[in-house]
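As a plain string of letters, each chain reads:
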Amino acid sequence: MDRVTRSAIQPNEKTDWQLFTNDGKFDSKLPPYKRLLRLKSAPVSGKSYMMYAVPVTKPNKVLIPEKPQPQVENVENYVLVWLDQSTGKAKNNEASKKQLKQVINCVKIFTDPKECQTYMSSIKDEKIFLIVSGIVEEDFVSNVHDEEQLESIYVLCPNKIKEEPWFSKYPEIAGVYTTIMSLCEQLGKDMKKIDRTLLGIEIMGRATSNSTSKTDQQDASFMYDQLFRDIVLKVPDENMEDIENREVSLRFIRDARVRNNRVFVLMEITVEKNAIVPAANVTQLSYFPTESEWLFSMGSVFRVGPIKSFDGIWIVPLTLTDDHDKRLNALKEYFKKSMTDSNTCLSFAKLMYQLAKWKQSEYFYEMALKSETTPGRRSVIFNDLATVKGELKQYDQALALYEMSLELRGTVESDKATTYNNIGTLYYELKKKDRAKEYYQKALEACNTQENNNEELIATLHGNIAGILNDQGKHEEALEKCEEALKIRLKHFPEIHPRIAISYCSIANTLQHLKMYEKAIEFIEKALDIDRQALPSEHPQTLLHKNNLEVYKQQLQQQSN
């Protein structure tokens, strides 16, 4: 069923970013301003972890099991693998491991070369630094030296031996080290060099407003990265200046050219003085005080110019631009307006809800409540927190929170419409259809007052009542309600808003009840077309709609037979 999770909320000037950093659960030893500075200057990895979710329509007898969440072991960009074939030094190894973990958190120690190689082959994302000690066999080095993620090999030998003649055949071997301290020092330097290359880039054709080609569309996660940036990374304006660091950059590239299996690229970035995209000169904040460094916001877009080759290095000219996929940008602006609040915890709670991160959303709503004192704002947060509790299947807590929200609303019925709808949705999920219908009716009556002109809520109610009508076998009436909901949403939402996809799904579900399977497939494909543009591929709404499409196709085939 559809659910409206938020009402309009008035700004509160007493809350800010400091609220989040004081109450957050990370790096409590750092003062808030240093946490914020570090967050703003943190390197952006190539991984995309953003997901997005909105409440989904749940047609009868079409179920999607909850997707299990993987256990993430390593969140760094590196892993240190140590093949130790020496004997009788377990105690020393444990002390050495502690030293190494001061440089790289993820350290894996092996004594068997085959197990070590198997593990290295399984690494797909992190860069690998390899230490070999004890017996150093050329066969092993020969087998692993061309592993795609391998960066460097370090030979650890407390009693320094003469370098083997075959060492020179493998440029990955960084050197022979007699102490773990000297090895750690070199490892730290090499990590800093690699940090400069870990930049996530996606290349696509220039998007046009009427383009439907997937290759010309920015990925939805790109938009959610920008939403995160807009909430958290409030980068101040800086005066732009010419950036002329070609020679310095070329020196870094030449230093790294000992590896033969790489393509070397120098990106020359041009920033116009009147650029509106956030970019800042962070030389004074840089770890490297002698270098000129610039920070570009996550989600920055660059126009690619003519690519040239110079001394075996590809030169790629980039110009910072505000070009975006027009439809995705319209959707982002809509979400930004509805999610951004002076209470940063509340903004995070809304974002986490959109990402279907229910526990995180719950946490931030509870944090937001601690700083709110006005009845109106607390009422809205109670309502929103109740929707999260519902997603967590904590129905008793959800109902209690809805009641608390209603109590703070006073006697003005028009203010209660959203919560009435949400209570109806909760009862529907509990299979108490009569109670659901009762609260939907109360929500409709509250919407029909002069004080309430919430057409988006009315659209949601049309969709929810259509579900009740379908249960009663009144499919023609249900179809009328679904079409009315779609009409309102097409009027008020951006063209690829996921709620429009929900309306298409509701129509498809009703057509399925009418055994009009070809039309049902047509509408669920419309829903999926929006999902593919506006949601990540593993989003629960996308998975639901894919499942429904397969069900409708099976039913059509059975009808034909």
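Going by the structure above, here's the rest.
First, a word on scope: everything that follows refers to the structure included in this document. Computed from a predicted model, the values in this text were never measured in an experiment. (Residues numbered from 1 in each chain as written. Predicted model: local features only at pLDDT ≥ 70, side-chain atom pairs only at ≥ 80, totals over all residues. Heavy atoms only, no water.)

**Here we look at unusual backbone geometry**
Moving on, step 1. The residue K431 is not glycine, and still its phi comes out positive at about 70°.
Moving on, step 2. For K431, the location among the structural elements is in the loop between helix 14 (417-429) and helix 15 (433-447).
Moving on, step 3. Located in the positive-phi region is K515, a residue other than glycine, with phi close to 65°. (Helix = DSSP H or I, 4+ residues; strand = E, 2+ residues; numbered from the N terminus.)

**Considerations on the environment of I458**
Moving on, step 1. Inspection of the secondary structure puts I458 in helix 16 (residues 455-471).
Moving on, step 2. In sequence terms I458 and A485 are 27 residues apart; their C-alpha atoms lie 7.6 Å from each other.
Moving on, step 3. Once you skip the residues sitting within four places of it in the chain, I458 turns out to touch C447 and I488. (Contact = heavy atoms within 4.5 Å.)

**Structural notes on the environment of G376**
Moving on, step 1. Counting through the fold element by element, G376 comes out in helix 12 (residues 375-391).
Moving on, step 2. Residue classification places G376 among the partly exposed residues on the basis of a relative accessible area of 40%.
Moving on, step 3. Separated by 39 residues in the primary sequence, G376 and D415 have C-alpha atoms spaced 9.7 Å apart. (Buried < 20%, exposed > 50% of the residue type's maximum accessible area, 1.4 Å probe, protein only.)

**Some words on the packing of helix 19 (residues 517-534) against helix 20 (residues 540-560)**
Moving on, step 1. Helix 20 packs onto helix 19 with a crossing angle of 160° between their chain directions and a minimal axis gap of 9 Å. Comparing their axes, helix 20 and helix 19 come out roughly antiparallel. Crossing handedness for the pair helix 19 and helix 20: left-handed. Across from Y517, E518, A520, I521, I524, E525, A527, L528 and D531 in helix 19, the residues of helix 20 making contact are Q541, T542, H545, K546, N548, L549, Y552, K553, Q555, L556 and Q559.
Moving on, step 2. By residue class, the composition of the contact of helix 19 with helix 20 is 9 nonpolar, 6 polar and 5 charged. (Axes fitted to C-alpha atoms, helices over the stretch in contact; angles between N-to-C directions. Parallel < 35°, antiparallel > 145°, perpendicular 65-115°, else oblique. Left-handed = near helix turned anticlockwise from the far one by under 90°. Nonpolar A, V, L, I, M, F, W, Y, C, P; charged D, E, K, R; others polar.)

**Let's talk about the sheet that holds strand 1 (residues 78-84)**
The strands that make up a sheet are held in pairs by hydrogen bonds between backbone atoms, and each pair lies either parallel or antiparallel.
Moving on, step 1. Within the open sheet, the 5 strands sit side by side as 2-1-3-4-5. Their pairing is parallel. Both outer strands of the open sheet, strand 2 (107-110) and strand 5 (173-177), are each paired with one neighbouring strand and no more. When strand polarity is set aside, the average angle formed by the axes of neighbouring strands in this sheet is 20°.
Moving on, step 2. Pairing of strand 4 (residues 150-156) with strand 5, which is carried by 4 bridges, proceeds in the parallel orientation. Bridge pairing in strand 5 links I153 to I173.
Moving on, step 3. Relative to strand 1, helix 4 (residues 113-122) is tilted by about 170°, and along the sheet it contacts strand 1, strand 2, strand 3 (127-133) and strand 4.
Moving on, step 4. On the sheet, helix 6 (residues 180-195) packs against strand 1, strand 3, strand 4 and strand 5 and is oriented at approximately 170° with respect to strand 4. (Pairing = 2+ DSSP bridges.)

**Looking at a negative patch on the surface**
Moving on, step 1. A surface patch of negative charge is lined by E476, E477, E480, E483 and E484.
Moving on, step 2. Its place among the elements puts E483 in helix 17 (residues 475-492). (Patch = residues over 30% accessible without salt bridge, like charges linked within 9 Å, V, L, I, M, F, W, Y side chains within 5 Å. Areas by Shrake-Rupley, 256 points an atom, 1.4 Å probe, with all protein chains shown as cover. Salt bridge = Lys/Arg side-chain N within 4 Å of Asp/Glu carboxyl O. Lys, Arg positive; Asp, Glu negative; His and termini not counted. Charge placed at Lys NZ, Arg CZ, Asp CG, Glu CD.)

**A word on the pairing of strand 1**
Moving on, step 1. Within strand 1, 7 of the 7 residues are buried, which leaves it mostly tucked inside the rest of the structure.
Moving on, step 2. Sheet topology note: the strand 1/strand 3 ladder contains 7 bridges and is parallel. Directly across from L80, in strand 3, lies its bridge partner F129.

**With respect to the pattern of salt bridges**
Moving on, step 1. If you walk through the whole model with that rule in mind, you get 13 salt bridges.
Moving on, step 2. A salt bridge links K389 to E362; the nearest nitrogen and oxygen atoms lie 2.5 Å apart. You can see K389 sitting in helix 12 and its partner E362 sitting in helix 11 (residues 358-371), a full 27 residues away along the chain.
Moving on, step 3. Accessibility expressed as a relative area gives 6% for K389, which makes it buried.

**Details of helix 19**
Moving on, step 1. Spanning 18 residues, helix 19 covers 25 Å between terminal C-alpha atoms, matching the ideal 26 Å at 1.5 Å per step.
Moving on, step 2. Within the sequence span of helix 19, burial applies to Y517, A520, I521, F523, I524, A527, L528, I530, D531, Q533 and A534. (Expected span 1.5 Å × (residues − 1).)

**Points about the packing of helix 15 against helix 16**
Moving on, step 1. Relative to each other, helix 15 and helix 16 sit at 150°, their axes nearing to 10 Å. On the basis of their axis angle, the class for helix 15 and helix 16 is roughly antiparallel. Crossing handedness for the pair helix 15 and helix 16: left-handed. On helix 16, the residues touching K433, A436, K437, Y440, A443, L444 and C447 of helix 15 are L457, I458, L461, N464, I465, I468 and D471.
Moving on, step 2. Its residues placed into classes, the contact of helix 15 with helix 16 shows 10 nonpolar, 1 polar and 3 charged.

**What about helix 20?**
Moving on, step 1. Over its 21 residues, helix 20 extends 30 Å from the first C-alpha to the last, a length consistent with the 30 Å expected when each residue adds 1.5 Å.
Moving on, step 2. Inspection of helix 20 places Q541, T542, L544, H545, N548, L549 and Y552 among the buried residues, and these make up the whole buried set. Within helix 20, the buried residues cover an arc of 155° as seen down the axis, which keeps them to one side. When the buried face of helix 20 is taken as reference, the exposed residues oriented beyond 90 degrees from it are Q557 and Q558. (Arc of directions from axis to C-beta.)

**Some words on the packing of aromatic side chains**
Moving on, step 1. Overall, the coordinates contain 14 aromatic pairs when judged by the stated rule.
Moving on, step 2. Here W166 and F167 contribute two aromatic rings whose centre-to-centre distance is 4.7 Å and whose plane-to-plane angle is 80°, an arrangement assigned as edge-to-face. For the pair shown, W166 and F167 are each scored as buried.
Moving on, step 3. When the centroid spacing of 6.1 Å and the interplanar angle of 45° are considered together, the rings of Y504 and F523 count as tilted. A residue pair is termed long-range when its members are at least 10 positions apart, and Y504 in helix 18 (residues 498-513) and F523 in helix 19 qualify at 19 residues.
Moving on, step 4. Classification of F523 as buried rests on a relative accessible area of 13%.
Moving on, step 5. A connected cluster of aromatic rings, assembled from ring pairs, spans Y78, F129, Y154 and Y177. (Phe/Tyr/Trp six-rings, centres within 6.5 Å; stacked < 30°, edge-to-face > 60°.)

**Points about the environment of E333**
Moving on, step 1. Here E333 shows up in helix 9 (residues 326-339).
Moving on, step 2. Since its relative accessible area comes to 37%, E333 is described here as partly exposed.
Moving on, step 3. Expressed as a C-alpha distance, the spacing of E333 and M223, which sit 110 residues apart in the sequence, is 9.6 Å.
Moving on, step 4. Polar side-chain contacts of E333 include one of 3.3 Å to the side chain of K332. (Polar contact = N/O pair within 3.5 Å; in protein donor to acceptor, adjacent residues only side chain to side chain.)

**Focus on a nonpolar patch on the surface**
Moving on, step 1. Together, V263, V265, M267, V304, I307 and W314 make up a nonpolar patch on the protein surface, roughly 550 Å² of accessible area in all.
Moving on, step 2. Relative to the assigned elements, V265 resides in strand 6 (residues 265-270).

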